[in-house]
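# An overview of the molecular structure
Listed below are the residues making up each chain.
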Amino acid sequence: MQVSKQTLKDLEFPVVLAEIIQYIYTEKVAERTKNLVPYSNRNELLIDLHTTSEYLSTLESGNSLPFSEYFILDEYLKRLSIENYYLPAEEFFKIKSNTLQIKEIKKYTRNFIEYVPYLHAKTEQIIYEKEIVKIIDQVFNKFGEIKDDASPELRIVRQEIRAISSRITELFNKSMSYHSDVLDEIRESVVGNRRVLAVKSALRKRVKGQFLGTSKTGSISYIEPESVLNPRRQLDELREEEKHLIIQILLKLTSEIAIYQPLIEEYQAFLEYLDLTQAKAKYAQNIQAILPTLKEELQLQLIDAYHPVLYLNNLRKERRTIPQTLSLTKKQRIIIISGPNAGGKSITLKTVGLNQLMIQSGILIPVHPKSEVGFFDKIFTDIGDNQSIENHLSTYSYRLKQMAYFLKYADEKSLLLVDEFGTGSDPELGGALAEVFFEEFYERNAYGIFTTHYTNIKLSAERLEEAINASMLFDKKSLEPMYKLELGQAGSSFTFEVAEKNKIPYRLINRAKKKVENDKVRLDKTILKLQQEKFEIQKTRDQVVELKETHEAHQGKLEEMQDKIQQKLYDFQQLYASEQKTLMMGKRINEMADSYLKSKNKKQLISNFLKIIEMENSKKTNEIQQQKKIEKIVAKEVQRELKSNANEIKKEQHKKEQREKEAMQKKIRELKIGDRVKINGSSSVGTIDKIKDDIIFINYGVFTTKISVDEVYKI
């Protein structure tokens, strides 16, 4: 990708890299990150974007990748080919640490392959060699110390060292007891890593041994007892022998490790890759960044895009940042942004440029998840005052030099970002030249965003089909910028309004107005009025939509409440009828009981009871028959309606089927081989192997299944 150092500087890309570097573990990767530029290899870029996104997901889930600080071994590994060279003991510990980290990372990605497929694919390219850890563990214990049994000779020497050390301790303690009457209160001390008696200087001749010095005051003399001198010399000799044996062990271990040098270097390279990846993921987490939809075709659809540097600065100051939404497509390739100074034009320009640089450098961007991003081959910028004293260039000369460079290299895969397009010279002459540049870029099918105050540029944008005007909204009442981009209409510069806000005397403003051509003033007023009216219309439209949504919500609640009241009323009626029926039945049974009490006639009692039952059954039969009649009438009415509206129903059915078919075709077009999908109601993730009509074949690693397109969804 073609992008200059000046473009990186104009868009504050080094500031983003400085933020990322704060999360990097090693100086080597930090230095490399300072020189990070947009990728030239698209496949590498896509892989790195996905791995960063997956790493971010592990951070947000709380089950992050088991990656932590690691060791850079370059300085020592390059010496392995030198004859009789051996690695320092601590370097073996570092090699083991890096190797074990590779083991844990591979285990993690294997366990969570459906969540981190790109990271898993990366780790699968690396072979974990357990023999590296094994041969190191044969020599070193868990504290990084060389084991006694690292060699038979070392075991014997260390046993002798322990025996002599014990003997020296025993002899020293005996000497200290024997000379207790000439010792100072502290009794003993250590000089040169040797235990010595703390003898009163006046009595030191009474103690035989090696004199090793005195205290600061000279009142105490330090003497190593004569009885331990010979054992001490033996101990020193054994320690020298131990050192020699350790060197032999390290030489042997170094030769064994040297076999795995390419693999150890590969481990370190992968850990360095993860170092940068985790730094980018942590930065993304900090700025609420995501991986937008990546498009093959050249286009930008940025929804709620934030300027990362501004967002972080405002976040630290607890201020709100206003996002921008805009799009660049083949039918809308160039946007001309106008509006007042300090209204947000330059920040909008930088927001687009910096986010594009970041995504093409493998860094996630702070946009809405529904945003779509394509990739440009070249990005050109002309932002800010870049006059050069060294090269004797004025601001305008610098800008003309930049335009010459753009005209030389700009094509249909270029993105141009120019601030204050055409300024720096006579308004009419500079404006005319800027208009010609604009038309040239347009004819080359280049993409671009230009900010300007020139009316002729705005008029050209209205005339050209694939260009569009846009403005930064400005509240005329409060004379405050709203920092919101509005596509479709040119904006006023609000020159006199901004001057009024900054307390420029009215008499001077009025004198200035008189000096400007009437047509220019009327045009600016018309633009101002249109923008204000558009703002008011948008505000009213938002209020109407809000009121409509509120009304619909209230209407739904009222209908729901009415249905509940009707249901309760019906339930009460049913309950009342049931209670009345129960009361009548109770009254009849009570009368029958009184009659039986008087007559004691069982036959009469049974006869009356059976009559009541028959009457109730008869009522139920009539109710059932009546219900059946109603159901028949309703069924006939439905059939009549169906016959009369058969054509309409068929049309609606056909439309519904057509919509479903179109939705199915759209879904098939959106899916492609290699996409990760889930079946509705399932948590398992598979990869599309093949698409045939409306059937897709999903690979789950150990098996493949086929299923209808409408039963899966893309993740």
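Structure shown above.
Described below are features of the structure shown in this document. (Residues numbered from 1 in each chain as written. Predicted model: local features only at pLDDT ≥ 70, side-chain atom pairs only at ≥ 80, totals over all residues. Heavy atoms only, no water.)

## A look at the overall build of the protein
Quick reminder of the rule: Strands here mean DSSP runs of E at least two residues long; helices mean DSSP runs of H or I at least four residues long; both are numbered from the N terminus. Think of it in three bands: with a 1.4 Å probe and only protein chains considered, a residue is buried below 20% of the maximum accessible area for its type, exposed above 50%, and partly exposed in between. Any two residues whose heavy atoms approach within 4.5 Å at even a single point are treated as in contact. Note on areas: these come from Shrake-Rupley sampling with a 1.4 Å probe, and a residue is covered only by the protein chains present in the view.
Of the regular secondary structure elements, the protein holds 21 helices and 19 strands. Taken over 715 residues, the protein has a buried fraction of 39%. The contacts of the protein with a sequence gap of at least 6 include a subset with a gap of at least 24, amounting to 68%. Carbon and sulfur atoms provide 52% of the accessible area of the protein, an area that totals close to 42900 Å².

## With respect to a nonpolar patch on the surface
Put simply, the test is: Each patch is assembled from residues with relative accessible area greater than 30% and no salt bridge, linking like charges that lie within 9 Å and nonpolar side chains (Val, Leu, Ile, Met, Phe, Trp, Tyr) that lie within 5 Å. Definition used for salt bridges: Asp or Glu carboxyl oxygen within 4 Å of a side-chain nitrogen of Lys or Arg.
Where nonpolar side chains cluster on the molecular surface, the patch consists of Ile-589, Ile-606, Phe-609, Leu-610 and Ile-613 and spans about 440 Å² of accessible area. By residue number, the principal contributor to the nonpolar patch is helix 20 (residues 602–644), which donates four residues. By the secondary structure assignment, Ile-606 is in helix 20. Taking relative accessible area as the criterion, Ile-606 reaches 51% and is therefore assigned exposed.

## Remarks on helix 13 (residues 345–359)
Counting along an α-helix, one turn takes 3.6 residues, and residues three or four places apart therefore face a common direction. Filter applied, for reference: Multiply 1.5 Å by the residue count of a helix minus one, and that product is the helix's expected span.
The terminal C-alpha atoms of helix 13 lie 22 Å apart, and with 15 residues this matches the ideal 21 Å at 1.5 Å per residue to within 8%. Burial runs high along helix 13: 13 of the 15 residues are buried.

## Observations concerning the sheet that holds strand 4 (residues 220–225)
Quick reminder of the rule: Two strands form a pair only when DSSP identifies at least two bridges running between them. The axes are straight lines fitted to the C-alpha atoms, using for helices just the contacting stretch, and the angles between their N-to-C directions are given from 0 to 180°.
Taking strand neighbours across the sheet as the criterion, the four strands line up as 1-2-4-3 in an open arrangement whose pairing is antiparallel. Of all the strands in the sheet, just strand 1 (183–191) and strand 3 (209–214) have a single pairing partner and so form its edges. Averaged over neighbouring strand pairs, the angle between their axes works out to 35 degrees when direction is ignored. Across the sheet, helix 10 (residues 229–258) touches strand 2 (194–200), strand 3 and strand 4, and the angle it forms with strand 4 is around 70 degrees.

## A short note on the pairing of strand 8 (residues 334–338)
As a general feature of sheets, a regular strand has side chains that alternate between the two faces. For strand 8, a buried count of five out of five residues is recorded, marking the element as mostly surrounded by other parts of the structure. Burial along strand 8 is two-sided: Ile-334, Ile-336 and Ser-338 facing one way and Ile-335 and Ile-337 facing the other are all buried. Of the strand pairs in this sheet, strand 8 and strand 12 (residues 447–451) are connected by four bridges, and their pairing is parallel. Residue Ile-337 lies in a different strand from strand 12, and its bridge partner there is Thr-451.

## What about the pattern of salt bridges?
Scanning the entire structure with this criterion turns up 29 salt bridges. Between Lys-34 and Glu-31 there is a salt bridge whose closest N-O contact spans 3.0 Å. With Lys-34 and Glu-31 both in helix 3 (residues 27–34), this residue pair falls three residues apart, about one helical turn. On the accessibility criterion, Glu-31 (36% relative accessible area) is partly exposed. For Lys-96, the salt bridge is made with Asp-137, and the minimal N-O distance between the two is 2.7 Å. Of this pair, Lys-96 sits in helix 6 (residues 89–111) while Asp-137 sits in helix 8 (residues 130–137), and the two are 41 residues apart along the sequence. When its relative accessible area of 18% is taken as the criterion, Lys-96 is described as buried. For Asp-137, a relative accessible area of 27% corresponds to the partly exposed category. In the salt-bridge network here, residues are joined through shared partners; they are Lys-28, Arg-32, Asp-74 and Glu-272.

## Overview of the nonpolar core
The criterion, for reference: Residue types Ala, Val, Leu, Ile, Met, Phe, Trp, Tyr and Cys, when buried and joined through side-chain atoms within 4.5 Å, form a set referred to as a nonpolar core.
Judged by nonpolar contacts, the single largest core of 114 residues is most densely connected at Ile-132, Ile-257, Met-358, Ile-363 and Ile-449. Per-element tally for this core: the top contributor is helix 11 (residues 261–286), with twelve residues. Setting aside anything within four residues of it in sequence, one finds Ile-257 in contact with Leu-87, Phe-92, Ile-95, Ile-132, Ile-135, Ile-136 and Ile-264. Phe-406, Phe-421, Ala-446 and Phe-450 belong to the second-largest nonpolar core, a separate cluster that totals 21 residues.

## Topic: the environment of Arg-444
With respect to the element layout, Arg-444 can be found in the loop between helix 15 (427–443) and strand 12. Taking C-alpha positions, Arg-444 is 9.5 Å from Leu-407, a pair spaced 37 residues apart along the chain. Discounting residues that sit within four places of it in the chain, Arg-444 has contacts with Phe-406, Leu-407, Lys-408, Ala-410, Asp-411 and Glu-412.

## Brief notes about the side chain of Glu-19
Which entries qualify depends on this criterion: Residues adjacent in sequence count toward polar contacts only when both atoms are side-chain atoms; beyond that, a polar contact is any pair of N or O atoms within 3.5 Å, and within protein one must be able to donate a hydrogen and the other to accept it.
Residue placement: Glu-19 occurs in helix 2 (residues 13–21). A polar contact is formed between the side chain of Glu-19 and the side chain of Arg-316, at a distance of 3.1 Å. Setting aside residues up to four positions removed in sequence, Glu-19 forms contacts with Tyr-283, Leu-312 and Arg-316.

## Let's talk about the packing of helix 6 against helix 8
Definition in use: It is the rotation of the near helix from the far one that decides the hand of a crossing: anticlockwise by less than a right angle makes it left-handed, clockwise makes it right-handed. The nonpolar class holds Ala, Val, Leu, Ile, Met, Phe, Trp, Tyr, Cys and Pro. Asp, Glu, Lys and Arg form the charged class, and all remaining residues, Gly among them, are polar.
Running from N to C, helix 6 and helix 8 cross one another at 145 degrees; their axes reach a closest spacing of 9 Å. As helix 6 packs across helix 8, the resulting crossing turns out to be left-handed. Across from Phe-92, Ile-95, Lys-96, Thr-99 and Leu-100 in helix 6, the residues of helix 8 making contact are Ile-132, Val-133, Ile-136 and Asp-137. Grouping the amino acids of the contact of helix 6 with helix 8 by side-chain chemistry returns six nonpolar, one polar and two charged.

All we've got here are geometric facts, nothing functional implied.
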